Amino acid sequence: MFKLTNVKYKNILNIDYLEIEKNKITCIIGESGSGKTTLVRLLNKMISYDQGEIYFKERSLKDWDSIELRRKVSMLSQNPVMFKGNIRDNLLIGLKFSQRPLVEDEVLKEILNIVKLDKDLDENIYNLSGGEKQRVALGRILLLPSYVYILDEPTSALDEKTEDEVIKAIIDYVKKNNRNLIMVTHSKKIAINYGERVIEVSKGKIKE
Amino acid sequence: MKDISIYQLISSYLFVIILLFIVRKRGIEREKEILIASIRMSLQLMIMGYILVYIIENPSPLLTLLILIFMEGFSIYNIYKRAKVNIKFKLKIAIAISMIIGTVLSIAYFLFVIINIYPWFNPRYFIPIAGMFIGNSMTGVSLGVNRLVDDIRKRKDEIEAALMLGATPKMAVKNIIDSAFDSSILPTVNSMVGMGIVFLPGTMTGQILSGTWPLVAIKYQISIMLGVLGSVAITVMIFLYFGYKTYFNDEAQLVVDE
């Protein structure tokens, strides 16, 4: 799915070779500051590499239109960003941004069920806790019919039990819908339990 | 209109003398500033008076255009200076382009279509109208610049979150652009609300003092106010349109240099 050869980004990342295969839950682990986030931001074309080449579906990222790519490779950043409005608005905004048809409330409720958030769709976003916001942001990205989801520390604000349940449900959802998942996590436990492929980033290099 | 003799003019300085007296007696250290301000105001206006006399007595297209260019240049420079942060070169270009296009279009429509002046460079109309349009647009764009620069920096995460989900840069900054536009035109809109009740606006006051029938004066004032509002809105809109683009590269990535 992704192939990286001799990729350099500033002094932060230096990857000789890395392949990320499809249909495999991929976990990226490493200490904070090791370059995990930089790596996934490169895949989603939020930043561009200085040297080397990254291929997505055998095509260089340089030849992909950024917006078209991001509609196939959707990413959720570490701190969940909320937009003005209620939960419904915040779930639908991803579909709006990527110019896709909106969905019925029933679909939104199913998504909330997957991310284990038992809240009314009309609830104002400012009443939610950090963990609840994080789950809304997760629901928002799962609504997108993307080819790959890149989730950067998607459960950092959740307690261990909820974290486990949510990740399990996300993985089920991804497999059932034939999508792909790349997840950055600081938790080795999650990586070991759920990762079918674990990539460790250390000081900007790949260590497997 | 009744002229003011030089002695009458001098006697108006009594106001300043009273102020200086109060300030000194109370020990408020502002004498120097008040003195300088009064002298500067008097000198600047005197010079301007003679310049205007010359221009009105010798109307020429070249002179009118020169003054227009001077006003545009000065206002653009003022916006750069008033910006709270260092603004990058590309943004300066956006400011200059929007000020020139926005105000020139509005001034042209106002002078040639609404009041239909003759000849087209008639300085009695051209210069004060251009001054009001440019001055107000300058204030609007100035507010817009500060708001845009601030918000893009503060709401970087929000913009990037939108991009990551596949938004175009335009969609990602829509909220920011809208609120910058709103806060830029708000002072102009608000100033219209109290007009005629709380205060009599400048143009109208001047015209009435110089003997214009009030019903004519208000027609000028109304059309000028609407023109000013239009000019501010068009200028700010053009600025925001070009301005936000300076924050994105060809790869639709947000570029905020710290």
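Within each chain, residue numbers correspond to sequence positions counted from 1 in written order. The order in which chains are written sets their letters, starting at A; the order in which ligands are written sets their numbers, starting at 1. At least 70 in pLDDT is required for a residue's local features to be given in this predicted model, at least 80 for side-chain atom pairs to be given and counted, and no such filter applies to totals for whole chains, interfaces and linings, which use all residues. Derived side-chain values reflect all non-hydrogen atoms in the structure, with water molecules and hydrogen atoms excluded from consideration.

Colleague: How do you make sense of the overall build of chain B when you look at a structure like this?
Modeller: Think of it this way: any DSSP run of H or I at least four residues long counts as a helix, any run of E at least two long counts as a strand, and we number them from the N terminus. Counting its secondary structure elements, chain B contains eleven helices and zero strands. Seen in sequence order, chain B has helices and strands lined up from the N terminus as α-α-α-α-α-α-α-α-α-α-α. By its C-alpha atoms, chain B is 70 × 55 × 35 Å across when sized along the principal axes. Classification of residues uses two cut-offs on accessible area relative to the type maximum, computed with a 1.4 Å probe and protein chains only: under 20% is buried, over 50% is exposed, and between them is partly exposed. Across the 258 residues that make up chain B, the buried fraction comes to 39%. Of the contacts made within chain B by residues no fewer than 6 positions apart, 73% connect residues no fewer than 24 positions apart. For accessible areas, the Shrake-Rupley method is used with a probe of radius 1.4 Å. Any residue's cover is judged against the shown protein chains and nothing else. Counting only carbon and sulfur atoms, one obtains 69% of the accessible surface of chain B, whose full area is about 15,400 Å². Put simply, chain B has 23 plus and 17 minus side-chain charges, and the middle of one group is 7 Å from the middle of the other. Whether two residues touch is decided by their heavy atoms; if any such pair falls within 4.5 Å, the residues are in contact. In summary, the charge assignment counts Lys and Arg as positive and Asp and Glu as negative, without counting His or the chain termini. Just so you know, the charge point we use is NZ for Lys, CZ for Arg, CG for Asp and CD for Glu.

Colleague: For this particular structure, what's the right way to read the overall build of chain A?
Modeller: Tallying secondary structure elements over chain A gives seven helices and ten strands in all. At 17 Å, chain A has a C-alpha radius of gyration in line with the 17 Å of a compact globule built from 208 residues. Principal-axis analysis of the C-alpha atoms gives chain A an extent of 50 × 35 × 30 Å. The buried share among the 208 residues of chain A stands at 55%. Pairs at least 24 apart in sequence give 68% of the contacts found in chain A among residues at least 6 apart. Radius of gyration here is computed from C-alpha atoms only, and the compact-globule reference equals 2.2 Å multiplied by the residue count raised to the power 0.38.

Colleague: Help me understand the interface of chain A and chain B in this model?
Modeller: Interface size, as often reported, equals the accessible area lost upon joining of the parts. Across the contact, 25 residues belong to chain A and 16 residues belong to chain B. Throughout, buried area stands for the accessible area (probe radius 1.4 Å) lost by two parts on being put together, summed over both. Here chain A and chain B share an interface that buries about 1,800 Å² over both sides, 60% of which is from carbon and sulfur atoms. Of all residues in chain A, the largest losses of buried area upon contact with chain B belong to M46(A), R70(A) and F97(A), amounting jointly to 33% of the total for that side. The term salt bridge refers to a pairing of a side-chain nitrogen on Lys or Arg with a carboxyl oxygen on Asp or Glu at a separation within 4 Å. At the boundary of chain A and chain B, one finds two salt bridges.

Colleague: Just checking my understanding: could you explain the nonpolar core for this structure?
Modeller: For soluble globular proteins, nonpolar side chains are generally found buried alongside one another. Among buried residues, those of type Ala, Val, Leu, Ile, Met, Phe, Trp, Tyr and Cys that are joined through side-chain atoms within 4.5 Å constitute a nonpolar core. One finds F2(A) and I182(A) to be the most contacted residues of the largest nonpolar core, which totals 127 residues. Leaving out residues up to four positions away in the same chain, I182(A) has contacts with M1(A), F2(A), I20(A), T26(A), I28(A), V40(A), L43(A), V148(A), Y149(A), I150(A) and L151(A).

Colleague: How should the UniProt feature "transmembrane region" (unreviewed entry) in chain B be read in this particular structure?
Modeller: Residues and elements named next belong to chain B. UniProt positions are given in the numbering used here, feature names are shortened, and annotations may be inferred rather than shown by experiment. In the numbering used here, UniProt assigns the "transmembrane region" (unreviewed entry) feature to residues 6–23, 35–56, 62–80, 92–119, 125–145 and 220–244. End-to-end, the C-alpha atoms of residues 6–23 are 27 Å apart, and along that stretch the chain is 89% helix and 0% strand. Helix makes up 100% of residues 35–56 and strand 0%, and the two end C-alpha atoms of the span are 31 Å apart.

Colleague: Just checking my understanding: could you explain the domain arrangement of chain B for this structure?
Modeller: Residues and elements named next belong to chain B. These domain limits were set by an automatic method or by a database of domain assignments. Its domain assignment divides chain B into domain 1 (1–58) and domain 2 (61–247). Relative placement of domain 1 and domain 2: their C-alpha centres are 30 Å apart. The contact between domain 1 and domain 2 buries some 530 Å² in all, and 89% of this surface belongs to carbon and sulfur atoms. Here domain 1 is connected to domain 2 by zero salt bridges. Counted as a polar contact is a pair of N or O atoms within 3.5 Å, where, for protein atoms, one must be capable of donating a hydrogen and the other of accepting one, and residues adjacent in sequence contribute only when both atoms are in side chains. Here domain 1 is connected to domain 2 by zero residue pairs in polar contact (both at pLDDT 80 or more). All amino acids are sorted into three groups, where Ala, Val, Leu, Ile, Met, Phe, Trp, Tyr, Cys and Pro are nonpolar, Asp, Glu, Lys and Arg are charged, and the leftover types, Gly among them, are polar. Split by residue class, the side of domain 1 that touches domain 2 holds five nonpolar, one polar and no charged.

Colleague: Can you help me understand helix α9 (residues 174–193) of chain B in this one?
Modeller: Working note: α-helix, 3.6 residues per turn, so residues spaced by three or four point in the same direction. Residues and elements named next belong to chain B. When the terminal C-alpha atoms of α9 are compared, their 28 Å separation across 20 residues agrees well with the 28 Å that a helix rising 1.5 Å per residue should span. Within α9 the residues assigned to the buried category are I176, I177, S179, A180, S184, I185 and T188. If you follow the buried residues of α9, they end up packed against α6 (123–154), α7 (156–164) and α11 (214–245). Multiply 1.5 Å by the residue count of a helix minus one, and that product is the helix's expected span.

Colleague: So what exactly am I meant to see when it comes to the sheet that holds strand β4 (residues 51–56) of chain A here?
Modeller: Sheets are built from strands paired through backbone hydrogen bonds, the pairs being either parallel or antiparallel. Two strands pair under a simple rule: DSSP has to find at least two bridges between them. Pairing is antiparallel across the open sheet formed by four strands, whose spatial order is β2-β1-β4-β5 (chain A). Only two strands of the sheet have a single partner each, and these edge strands are β2 (13–20) and β5 (59–60) of chain A.

Colleague: Sorry, what's going on with the sheet that holds strand β7 (residues 148–152) of chain A here?
Modeller: Residue and element names in this part refer to chain A. Pairing is mixed in the open sheet, where six strands are placed in the order β6-β7-β8-β3-β9-β10. Each having just a single partner strand, β6 (73–76) and β10 (205–207) make up the two edges of the open sheet. The mean inter-strand angle of the sheet, taken between neighbouring strand axes irrespective of direction, is 20°. Pairing of strand β3 (residues 26–29) with strand β9 (residues 197–202), which is carried by four bridges, proceeds in the parallel orientation. When the sheet's bridge partners are listed, I28 is paired in β9 with I199. Here the axes come from fitting lines to C-alpha atoms, over the contacting stretch only for helices, and the angles between their N-to-C directions go from 0 to 180 degrees.

Colleague: Please explain unusual backbone geometry as it appears in this structure.
Modeller: Most peptide bonds adopt trans geometry, and most residues besides glycine take a negative phi value. Following Y118(B), the chain continues to P119(B) via a peptide bond in cis, the omega torsion being -10°. Structurally, the position occupied by P119(B) is in the loop between α5 (89–114) and α6. Phi at K203(A) takes a positive value of approximately 50°, unusual for a residue other than glycine. Along the chain, K203(A) turns up in the loop between β9 and β10. Note on K203(A): relative accessible area 79%, which makes it exposed.

Colleague: Any chance you could explain the packing of aromatic side chains here in plain terms?
Modeller: The geometry of an aromatic ring pair is captured by two quantities: the separation of the ring centres and the angle between the planes. We call Phe, Tyr and Trp rings a pair once their centres come within 6.5 Å, taking the six-membered ring for Trp, and we label the pair stacked below 30 degrees between planes, edge-to-face above 60, and tilted otherwise. For the structure on display, the rule yields ten aromatic pairs over all chains. Ring geometry for F56(A) versus Y147(A): centroids 6.0 Å apart, planes at 70°, classification edge-to-face. One end of the pair, F56(A), is in strand β4; the other, Y147(A), is in the loop between α5 (130–142) and β7, with 91 residues separating them in the sequence. You can call F56(A) buried: its relative accessible area is 0%. Here the aromatic rings of W120(B) and F121(B) are separated by 5.5 Å at their centres, their planes lie at 85°, and the arrangement is edge-to-face. An aromatic cluster of at least three residues, connected via ring pairs, comprises F2(A), F56(A), W64(A) and Y147(A).

Colleague: What should I look at first to understand a nonpolar patch on the surface in this one?
Modeller: Residues and elements named next belong to chain B. Two distance rules govern patches: like charges are joined within 9 Å, and nonpolar side chains (Val, Leu, Ile, Met, Phe, Trp, Tyr) within 5 Å, applied only to residues with over 30% relative accessible area and no salt bridge. A surface patch of nonpolar side chains, amounting to about 1,200 Å² of accessible area, comprises I4, I6, Y7, L9, I10, Y13, L14, I17, I18, F21 and I22. Elements that contribute at least two residues to the nonpolar patch include exactly α1 (6–11) and α2 (14–26). Considering each element in turn, the nonpolar patch owes the most residues, five residues, to α2. For I6, the position within the fold is in helix α1.

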